[in-house]
Structure formats: C-alpha cells, structure tokens
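Close look at the chain arrangement
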Amino acid sequence: MPIAFSDTIVALSSGRLPSGIAIVRVSGSQTRFVIETIGGSLPEPRKAAVRQFRDKTGSIIDSGVLLFFTGPSSFTGEDSAEFQLHGGKAVVAAMLEMLVSLPSVRYAEAGEFTRRAFLNGKVDLLEAEALADLVTAETEAQRRLAQHNSEGAQSQLYLAWRRRLIHARAMIEAELDFSDEQDVPGSVAAKVWRDVGELADEIRGHIKGYRAAEVIRDGFDVVIIGAPNAGKSSLLNALAQREAAIVSDEAGTTRDLVEVVLDLAGLKVRVTDTAGIRDDAGKVEAMGIERALARADKADLLLYLVDVSAPRLLDATLPSVSTLCIGAKLDLLPDAMRDPDFDVVVSVADGTGMHDLLATIGRHAAEKAGSGGDVLPSRLRHVALLRDALSFIESAAQGEDGDLELRADDLRQAGDRLGRISGAVDVEDLLDVIFSEFCIGK
C-alpha cells in the first residue's frame, strides 16, 4: 500500500513560460477531488480527456487535456493527474492559484514527486538520482549515462554484489552454528573467501570508473596556457564561435579565468582561457597568473600555446597533466613548414588546423570518458559508500586467523554500505540532501 501523505502537491512540470503547452502535475489523496472540482467528472484512468478547467465561480480558466493515474499504478504510487493547458503565464498562474486554494493542496517542493515515488517503492535512490541527471542532461553522453542508470543498471549491479555478501555471510554463519550437522559442509571457507576476494577486485575496478562518469557528468576540463599574446583568447573565441574573451595586442589583458562549454561528439568539454604567464607581471596580473597555474594543475588536458611567429617559451614548470603543444598564428608565417615539436598548428584567422585541434581534444575526452557502456558510480556519495564497503570486505578477507564471527560481521557491514547506495538500508538522513537537488515539479 502506498504511504498516505497528508498533503496533495501541485507544480508546473513543463518548464519555462510562455510555451505552447504547459503541464501542471498533481499528486496525493485529494487528486480525485481536485479533478472533479476543476475538470468535472473523473476521466478513465490513463486515457486523455478534453476538459474545460473552471475556477470556484464556474468561470473557465482554460480548455485542455486531462490525464488521471490511479495509485499505486502511477509515478508517485498515489493518485495523480496532469492538466495540459495553454502555456501562457496568466493561464498557468490562474490554474495554480485555483489548485492551491483547495483544502490540503499545496505547492510541491523541489524533488517532492520523485521523493514520494521513492518512499512508495516505485524507484530506488539510484534510479531517482538518474532521473534528475536525465532532466539536466546537456549532451548525448550525459543522456546515455542517465538513461542507462534510470533503467536500473546500477541498482542491479549493487544488488547482485549485496546478495553475494549475504550468501557468503550465511555460509560462514552456517558453518559456525551447524558444523555438527551432516548436511552442512565441513568447510566452506575456501570457496567463500575466494568469491569475496573476487568481489573486492570487482568493486575496486568499479570505483576507478568514477573519473569517467565525472567527465561525462561535469565535463572534460581543457585549460589554455601560454605566454602573453600567444593567441589564447583568440583561440578560445574561435572554439566557442563567439566573443567570450577580450582580445588585445596589449599584454596582460586576461587576468581572470574565462570559461566556455563545448559539445564534442556528445561529450561536455569545458575550455578555460587563462592569464599569460610571464615574470615581470604587476600585482594584479600576478594574481591572474597564480590562478592560471592553479587551474592548469586541475585540468584533464592542457593546450600549451606558442606564437610560431615569435616563439616565447614559458619559464614556469607546467603541471604533470596531459599536454598538447599548439603552434598558433600560422597565418603570420605562410611559408613555414609545420614544426615537428608542435602537436597541432593552427591559425584562428583562416581556420587552419582548427578541425584537427577539435578532433584531438575530442579523442582525449573520449578516452577519459570510456566506452559509455559500462556501469559507473555516478556520484561521490556512491564512491564513498563503495570505499567503505571495500574496506570491510578487505578486512574480512585478510583476517584469515581472525574470529569468524567478526569476519562475518565485516561482511554484514559491507552489505549495509551497498544497501545504503540504493536506499535499501535506512538513509533518512540523506533524503533532504538528495532530493533538494531536483527541479520543482519532478
């Protein structure tokens, strides 16, 4: 049975107004009353019905489509409805005002529809988080990762691991409690601990995949670095195809970080322009250079830019980060041969080499993001709990001379941590944090 919440919640779920169509979502025990008050008789569940939506005086707010979903066969697990009306600001405002004027009906908080779905067992935490990622996906890679996880790929993997831990623990406890019984093997240790060791290796490898998921969700980080007037800001503008940074012959015009976001082959790529690095900088420019070096240290890829017409190498030591050496301003040396010391040579003025540069950045990003078909831990919360679980598993597996009861309890603790990822084990203290990240109406 679904949980009976005291309030019925409403929200605009279709995004920014004005729009062609607006969808107002309702969920809760008062849904049937809301429909009968505003839209007349209840429509047949899951079948669209054309209705006139009226306020308390009987005046028509708008005409549109009404859908009714009965609990528990709905997204939230409780009775819910969708009012599809014209997406004008005044129309939607009048509709929402009418809805919240009804008894026990209020505006939904961020993520409250999905939170109710979780509490009613319609989705687990991993699927809920994946739904939030699907709503905010900006690139094809983000969409694929979110879609994969929203279908339960992560949940199934962690559930399978948890079942293996429960089985291992059961076998150990059976040996402890029923060692004198004929139908209990005399020793299950070798098989159990071999499987536990294999599971530890699987979790360890899975944790390493977080960096790929981070690249997909947050973006591949590219930082342009070089001497003043090397052409960094011009390159950023060319990559962004807009005037994102100020371009000037005067050295030191870029003093803060300027960032643009690209979509390369479905991957999010963040490119940051930085202050030109030189020794004789003033106080403010020196602060920009310090920021540039700090930003470069966190990059996935550095584009070290050198003006081929007037090469000026940096005295500063570059961070230990993958680096492409880019020759810029090739148009100023029309007869120059490509320098073998450069990975790519470009001219922003005529576009020479820009396709090669974008393709090279795209290849580096794709390598970091992986194949895209693997199940990946998509949040730091998952990684932290996976590391805790791994720590308990390693403690159990390595304590060969230890008390079997203590080793079995380590396996219980590991299974508990895996359960917390999907919400199978009590995670009440996490719910406010997780669902506050959702948009209103989801």
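Look a little higher up for the structure.
In this text the structure is predicted, and so the values were computed from the model without any measurement. (Residues numbered from 1 in each chain as written. Predicted model: local features only at pLDDT ≥ 70, side-chain atom pairs only at ≥ 80, totals over all residues. Heavy atoms only, no water.)

**Here's the deal with unusual backbone geometry**
For residues besides glycine, phi is generally negative; the peptide bonds are generally trans as well. In this structure, the amide linkage connecting L17 to the following residue, P18, adopts the cis form with an omega of -5 degrees. Note that P18 resides in the loop between β1 (8-12) and β2 (19-27). G71 connects to P72 through a cis peptide bond whose omega is 5 degrees. Within the secondary structure, P72 sits in the loop between β4 (60-69) and β5 (80-87). Despite not being glycine, A265 shows a phi value in the positive range, around 55 degrees. Structurally, A265 is set in the loop between β8 (258-264) and β9 (267-273). (Helix = DSSP H or I, 4+ residues; strand = E, 2+ residues; numbered from the N terminus.)

**Thoughts on the packing of aromatic side chains**
The tally for this structure, following the rule as stated, stands at 2 aromatic pairs. Plain terms: the ring middles of F53 and F83 are 5.2 Å apart, the flat faces sit at 80 degrees to each other, and that makes the pair edge-to-face. Residue F53 is located in strand β3 (residues 49-54), and its partner F83 is located in strand β5; the two are separated by 30 residues in the primary sequence. The same class applies to F53 and to F83, which are both buried. Plain terms: the ring middles of Y158 and W161 are 5.7 Å apart, the flat faces sit at 35 degrees to each other, and that makes the pair tilted. (Phe/Tyr/Trp six-rings, centres within 6.5 Å; stacked < 30°, edge-to-face > 60°. Buried < 20%, exposed > 50% of the residue type's maximum accessible area, 1.4 Å probe, protein only.)

**Some points on the pairing of β8**
Sheet topology note: the β8/β9 ladder contains 7 bridges and is antiparallel. Bridge pairing links V258 to D273 in β9. Here β8 hands over to β9 after 2 residues, with A265 in that stretch at a positive phi of 55 degrees. (Pairing = 2+ DSSP bridges.)

**Some words on the sheet that holds strand β6 (residues 105-107)**
The strand order across the open sheet built from 6 strands is β3-β4-β5-β2-β1-β6, with neighbouring strands paired in mixed fashion. Only two strands of the sheet have a single neighbouring strand rather than two, namely β3 and β6. This sheet shows a mean twist of 30 degrees between the axes of neighbouring strands, independent of strand direction. Across 5 bridges, the pairing between β4 and β5 is antiparallel. When the bridges of β5 are listed, L66 appears paired with F83. Its contacts with the sheet place helix α1 (residues 31-39) against β1, β2, β3, β4, β5 and β6, and it is angled at close to 80 degrees to β3. Contacts from helix α2 (residues 89-100) reach β1, β2, β3, β4, β5 and β6 within the one sheet, and its direction differs from that of β5 by about 150 degrees. (Axes fitted to C-alpha atoms, helices over the stretch in contact; angles between N-to-C directions. Contact = heavy atoms within 4.5 Å.)

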